[in-house]
Amino acid sequence: MTEPESTSQLPAEPGAESQDVQALVDALRDIVVRQERQRIDALEASLQELNAEIEPDSLAEKLNPVMSGLVRQTIHDSPDEMAEAIGPVMGEAIRVQIRDSRQGMVDAIAPIIGATVQKALSDFAHELQRNIDARLRTSFQPSDVLRNIQARLRGISPAELAMRDALPFAIQELFLIHRESGLLLAHLHPGKAQVSDSDLIGGMLTAIRDFVQDSFGQGQADKELDEIQYGEQRIIIQGGRYVYLAAVIEGVETPGFRARLRDWVNDLYVQYGSVLRDYTGDPASLPDLETRLAELIRPAELPHTAESPSTASDQRSPGSPRPLTRNQRLAIVLGSLGGLLGLLLCCFYIWFTITLLPMAWSQGRATLTQTFTQVPSVTPLPTATQTHTPTLIPSPSLTPLPSATPTPLPSATFTSSPSPLPPSATPAPVTVSAIAFGNVWLRAAPDEMAQTLATIPQGSPVYVRSAYGNWLEVDWNNDGSYLHGWAAAEWFFMLVPLPSEYITPTAVP
Amino acid sequence: MPVMQKKICLLGDFAVGKTSLVRRFVEGRFDDRYLSTIGVKVSRFSLERPAGDLNLIVWDLAGSDEYGAQASYLRGAAGALIVCDLIRRETLASMQEYAARMRQVNPDAALVFLGNKVDLVLDRAVEDAEMQSVCSALNGPYLLCSAKTGERVSDGFLMLVEALGLVP
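Residues numbered from 1 in each chain as written. Chains lettered and ligands numbered in written order. Predicted model: local features only at pLDDT ≥ 70, side-chain atom pairs only at ≥ 80, totals over all residues. Heavy atoms only, no water.

**Details of the overall build of chain A**
To keep things clear, this is the line we draw: By definition, any uninterrupted DSSP run of H or I lasting at least four residues is a helix, any uninterrupted run of E lasting at least two residues is a strand, and each is numbered from the N terminus. Each residue gets one of three labels from its accessible area relative to the maximum for its type: buried under 20%, exposed over 50%, partly exposed in between, using a 1.4 Å probe on protein chains only. In what follows, residue pairs with any heavy atoms lying within 4.5 Å of each other are defined as contacts. Shrake-Rupley sampling with a 1.4 Å probe provides the accessible areas, and residues are treated as covered by the protein chains on show and by no other component.
On a plain count of helices and strands, chain A comes out with 13 helices and 13 strands. Taken over 509 residues, chain A has a buried fraction of 30%. Considering only contacts within chain A whose residues lie at least 6 apart along the sequence, 57% involve residues at least 24 apart. As presented, chain A carries roughly 32300 Å² of accessible surface, and 60% of it is formed by carbon and sulfur atoms.

**Some details on the overall build of chain B**
The secondary structure content of chain B amounts to 7 helices and 6 strands. Reading chain B from its N terminus to its C terminus gives the helix and strand order β-α-α-β-β-α-α-β-α-β-α-β-α. The buried share of chain B, taken over its 168 residues, is 55%.

**Things to note about the packing of aromatic side chains**
Residue and element names in this part refer to chain A. What counts, and what does not: Classification of ring pairs rests on two measures: the distance between centres of Phe, Tyr or Trp rings, Trp counted by its six-membered ring, which must be within 6.5 Å, and the angle between planes, read as stacked under 30 degrees, edge-to-face over 60 and tilted in between.
Evaluated as defined, the whole model comprises 9 aromatic pairs over all chains. Relative to Phe257, the ring of Phe169 lies with its centre 5.2 Å away and its plane at 75°, an arrangement referred to as edge-to-face. Here the residue Phe169 occupies a position in strand E1 (residues 169-178), and Phe257 occupies one in helix H9 (residues 257-277), the gap between them amounting to 88 residues. A single burial state applies to Phe169 and to Phe257, both of which are buried. Between Tyr468 and Trp486, the aromatic rings sit 6.4 Å apart at their centres with planes inclined by 75°, giving edge-to-face as the arrangement. With Tyr468 in strand E9 (residues 461-468) and Trp486 in strand E11 (residues 481-488), this residue pair connects regions lying 18 residues apart in the sequence.

**Describing the interface of chain B and chain A**
Keep this limit in mind: Defined here as a combined quantity, buried area equals the accessible surface (1.4 Å probe) lost by two parts on assembly, summed across both. Any carboxyl oxygen of Asp or Glu within 4 Å of a side-chain nitrogen of Lys or Arg constitutes a salt bridge here. Polar contact is the term for a pair of N or O atoms within 3.5 Å; when the atoms are in protein, one must be able to donate a hydrogen and the other to accept it, and sequence-neighboring residues count only if both atoms are side-chain atoms.
Facing the 27 residues of chain B at the interface are 22 residues of chain A. A combined buried area of about 2000 Å² lies between chain B and chain A, and 61% of that area is made up of carbon and sulfur atoms. There are 3 salt bridges connecting chain B and chain A. A salt bridge links Arg75(B) to Asp210(A); its shortest N-O distance comes to 3.6 Å. On the surface where chain B and chain A come into contact, there are 7 residue pairs in polar contact (both at pLDDT 80 or more). Taken together, the elements giving at least two residues each to the side of chain B that touches chain A come down to strand E1 (4-12), helix H2 (33-38), strand E2 (40-47), strand E3 (54-61) and helix H4 (71-74) of chain B. Sorting elements by how many residues they give to the side of chain B that touches chain A places E2(B) first, with 5 residues.

**Quick look at a nonpolar patch on the surface**
Residue and element names in this part refer to chain A. In plain terms, the rule: Like-charged residues within 9 Å of one another, or nonpolar side chains (Val, Leu, Ile, Met, Phe, Trp, Tyr) within 5 Å, are grouped into patches, provided each residue has over 30% relative accessible area and no salt bridge.
On the surface, a nonpolar cluster with roughly 900 Å² of combined accessible area is contributed by Leu330, Val333, Leu334, Leu337, Leu340, Leu341, Leu343, Leu344 and Leu345. By secondary structure assignment, the location of Leu345 is in helix H11 (residues 326-378). The class of Leu345 is exposed, set by a relative accessible area of 55%.

**With respect to the sheet that holds strand E4 (residues 233-239) of chain A**
All names here are of chain A. In plain terms, the rule: Only strands joined by at least two bridges in the DSSP assignment are considered to pair. Convention adopted: a line fitted to C-alpha atoms gives each axis, helices being fitted over their contacting stretch, and angles between N-to-C directions are expressed from 0 to 180 degrees.
Reading across the sheet, the 5 strands line up as E2-E1-E5-E4-E3 and stay open at both edges, with antiparallel pairing between neighbours. At either end of the open sheet lies a strand with only one pairing partner, and these are strand E2 (184-188) and strand E3 (227-230). On average, adjacent strands in this sheet sit at an angle of 15° to one another, irrespective of strand direction. Pairing between E1 and E2: 4 bridges, direction antiparallel. Note on E2: the bridge partner recorded for Phe175 is His187.

**Brief notes about the packing of helix H5 (residues 90-105) of chain B against helix H6 (residues 128-137) of chain B**
Residues and elements named next belong to chain B. Applied cut-off: We call two directions roughly parallel when the angle between them is under 35 degrees, roughly antiparallel when it is over 145, roughly perpendicular when it lies between 65 and 115, and oblique otherwise. Under this grouping Gly is polar, as are all residues other than the nonpolar Ala, Val, Leu, Ile, Met, Phe, Trp, Tyr, Cys and Pro and the charged Asp, Glu, Lys and Arg.
Two numbers describe how H5 lies on H6: the axes approach to 10 Å, and their chain directions differ by 10°. Regarding the angle of H5 to H6, the classification is roughly parallel. Facing Leu92, Met95 and Gln96 of H5, the residues of H6 in contact are Glu130, Met131, Val134 and Cys135. Here the residues of the contact of H5 with H6 are counted per class, giving 5 nonpolar, 1 polar and 1 charged.

**What about the nonpolar core?**
Considering soluble globular proteins, one finds that nonpolar side chains tend to be buried as a cluster. Keep this limit in mind: Residues belong to one nonpolar core when they are buried, are Ala, Val, Leu, Ile, Met, Phe, Trp, Tyr or Cys, and are joined through side-chain atoms within 4.5 Å.
Among the nonpolar cores identified, the biggest contains 61 residues, and Leu176(A), Leu293(A), Leu11(B), Trp59(B), Ile82(B), Phe113(B) and Met131(B) are the most heavily contacted of them. In terms of residues, this core owes the most to one element, H9(A), which gives 6 residues. The residues contacting Met131(B), other than those within four sequence positions of it, are Cys84(B), Leu86(B), Leu92(B), Met95(B), Phe113(B), Leu114(B), Gly115(B), Val126(B), Tyr142(B) and Leu144(B). Judged by nonpolar contacts, the second largest core, of 26 residues, contains Leu21(B), Val22(B), Ala110(B) and Val153(B).

**What to know about helix H4 (residues 79-100) of chain A**
Helical periodicity: at 3.6 residues per turn, an α-helix aligns residues three or four positions apart in one direction. Selection rule: In a helix, the anticipated span is given by 1.5 Å times the number of residues less one. Values of bend correspond, residue by residue, to the angle between axes fitted over the seven residues ending at that residue and the seven starting there.
For H4(A), built from 22 residues, the straight-helix expectation of 32 Å at 1.5 Å per residue is met to within 8% by its first-to-last C-alpha distance of 29 Å. The sharpest bend along H4(A) reaches about 40° and sits at Ile86(A), with the proline Pro88(A) one to four residues further on.

**Observations regarding unusual backbone geometry**
Residue and element names in this part refer to chain B. Not every positive phi belongs to a glycine, and Lys117 is a case in point at roughly 70°. Located in the positive-phi region is Arg152, a residue other than glycine, with phi close to 60°. Along the chain, the position of Arg152 falls in the loop between strand E6 (142-144) and helix H7 (153-163).

**Points about the side chain of Thr19(B)**
As for its position among the elements, Thr19(B) is in helix H1 (residues 18-23). Classification of Thr19(B) as buried rests on a relative accessible area of 16%.

**Observations concerning the sheet that holds E1(B)**
Residue and element names in this part refer to chain B. Reading across from one edge, E2-E3-E1-E4-E5-E6 is the order of the 6 strands in this open sheet, with mixed pairing throughout. Each edge of the open sheet carries a strand with a single partner, namely E2 and E6. The average angle at which neighbouring strand axes cross in this sheet is 25°, direction not considered. Relative to strand E5 (residues 110-116), strand E4 (residues 79-85) runs parallel, the two sharing 7 bridges. Its bridge partner being in E5, Asp85 is matched across the sheet by Asn116. Strand contacts of H5: E1, E4 and E5, with the helix running at about 165° to E4, the strand carrying the most contacts. Where H6 meets the sheet, its contacts fall on E4, E5 and E6, and the angle it forms with E6 comes to roughly 155°.

**Remarks on the confidence of the model for chain A**
All names here are of chain A. Rule in force here: A score between 0 and 100, pLDDT records how confident the predictor is in each residue.
Overall, the predicted model of chain A reaches an average pLDDT of 74, with 72% of residues at or above 70. Taken element by element, chain A is modelled with least confidence in helix H13 (residues 411-416), mean pLDDT 39, and with most confidence in E2, mean pLDDT 91. Note on residues 305-321: pLDDT is under 50 here. Beyond four places in sequence and across chains, it has 16 contacts. Low confidence marks residues 363-429, where pLDDT is under 50. Its contacts with residues over four positions away, or in another chain, come to 73 contacts.

**Details of the side chain of Asn477(A)**
Residues and elements named next belong to chain A. Among the secondary structure elements, Asn477 is positioned in strand E10 (residues 471-478). A residue is classified by how much of its surface remains accessible, and Asn477, at 17% relative accessible area, is buried. Looking at Asn477, its side chain comes within polar contact range of the main-chain nitrogen of Gly480, at 2.8 Å.

**Brief notes about the environment of Tyr463(A)**
Residues and elements named next belong to chain A. Its location among the elements puts Tyr463 in strand E9. Relative accessible area serves as the criterion here: at 4%, Tyr463 is assigned to the buried category. Separated by 10 residues in the primary sequence, Tyr463 and Glu473 have C-alpha atoms spaced 8.2 Å apart. Looking at Tyr463, its side chain comes within polar contact range of the side chain of Tyr482, at 3.3 Å.

Next comes the structure, spelled out in structure tokens:
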């Protein structure tokens, strides 16, 4: 309440006084704030300059040389740390780039990948070519026949089987490991100049086997890990009673390779079973297992970059055919015995034939000789004479027929003819002979329904007078007496071709 | 000269320091991740002796029931180092179980007991007398060591070599 009163006591000079006060305040403020304002102005100017410099383009322009130098220096000083730092970023960047621009990445790395793949394929093709060439250079062997049969049984061609066999196969390492403790008993590494920690590998391999068996085998002792594959290499594991064998191989294993491992392990058990059972880590108690192990590696199964193993048993050159397996050897022996038996049978057949031939020929030749000597006396044979005598032929229709007329005669002609010979068989007996290679009916006429006169035994020589269709007109010497008749031509072997004039063609089959 | 080999196992509860114990003194090529993968990692402790070199193939078994109980890993072991943590009292009791498992699989196995982390004096929960009592009951020598400082770790391996009947 006091202040309003004091205010009311100065009503005459309120404006001038307040103006003075205001001016005084302004002057005072100007004095106090001037320096601050100047500083603020300076700061604002500096800020504007900085803002101008922080523009992305100009900032990059300024930082580029600095950053480049910094990165270069860091890479030079500590490349490992730098790689470790940017590795994840690089990996992620590559993943993003592949995701966003797959084709671009493909185009970028295609030259590198293409050259790499091309080189790998070239090496593989060269190796395959070398193996095939080595096989082709080998001479023929009995095993080739077996392999051909084997290929056929498998439904593939021998060439495919040969190509399959020519695929590179090499044993990189062999580990013989004590089954219970996992201690390494022997190790062979033809594929590498230096191998370290093979005993640790043996232990870990045993641990892995135990782990797999405990985890997946459900405690069944008969189920064991027998193969591990990683990339192009595989570990073939052959278990035994006290030891197991692990073979690190590359390529396609040859046929019988596992059987070879199994046999080897079994043989080892047979020979050194008690030693292996009682093994406690003392190498002095063991035989020379590495030499035994070397027996498993054949020259063709050596790695191509490897030096020859220190074995005395490897004398063959690389690429030479592999020794035969037991089954192959057995098959060869059986095949040889079969071939020998067949050869003996052939010899016996030839001998038998040669032995019997003089008997057959002696009879035939005698007959033939007799034939020639009796030819003059045969001429007046009544049969031949009758055939040439028209008067003896009661059938007038047959009389005018010339003797060599190829006119087919009806079968009724023979049945109605009183003569056993058809009129067309008029030629005189000829010296043409044949031999029966079967027992043949001698019939009175060239007809299957005709009367059977006799049976000409197999191997008997006959005189062929003429031919009519599938029938031969023959004279057969039956123990000194000649029988004349017709026999089926298919059972005779003609020693001399029958002249065509003695053949009567037949229109009727 | 041929090298004698012995398989030994390293047993103990999880985090008692088994892997740390052997890390300094063994040679190996396998990563510790194998422990968590298949429950075992194999290393080698080599010892040169006048009678001939000796390789202890050390099977470091994961300290959990999931893996450590696998009897197959214990088969063929000539001996074992059984480790307890001196600042965790319960690991002392577990030593008895591991010793029983080991002797069940390998009755003639030599056992050596190690008390690890002896350097943590203030946190120690197992006294010497307790350790001696338990190990005497299990019929095996014991040793206090520190994987952190390396104190007497190699002595533990040498003690096991001696227990195996081999002159170090």
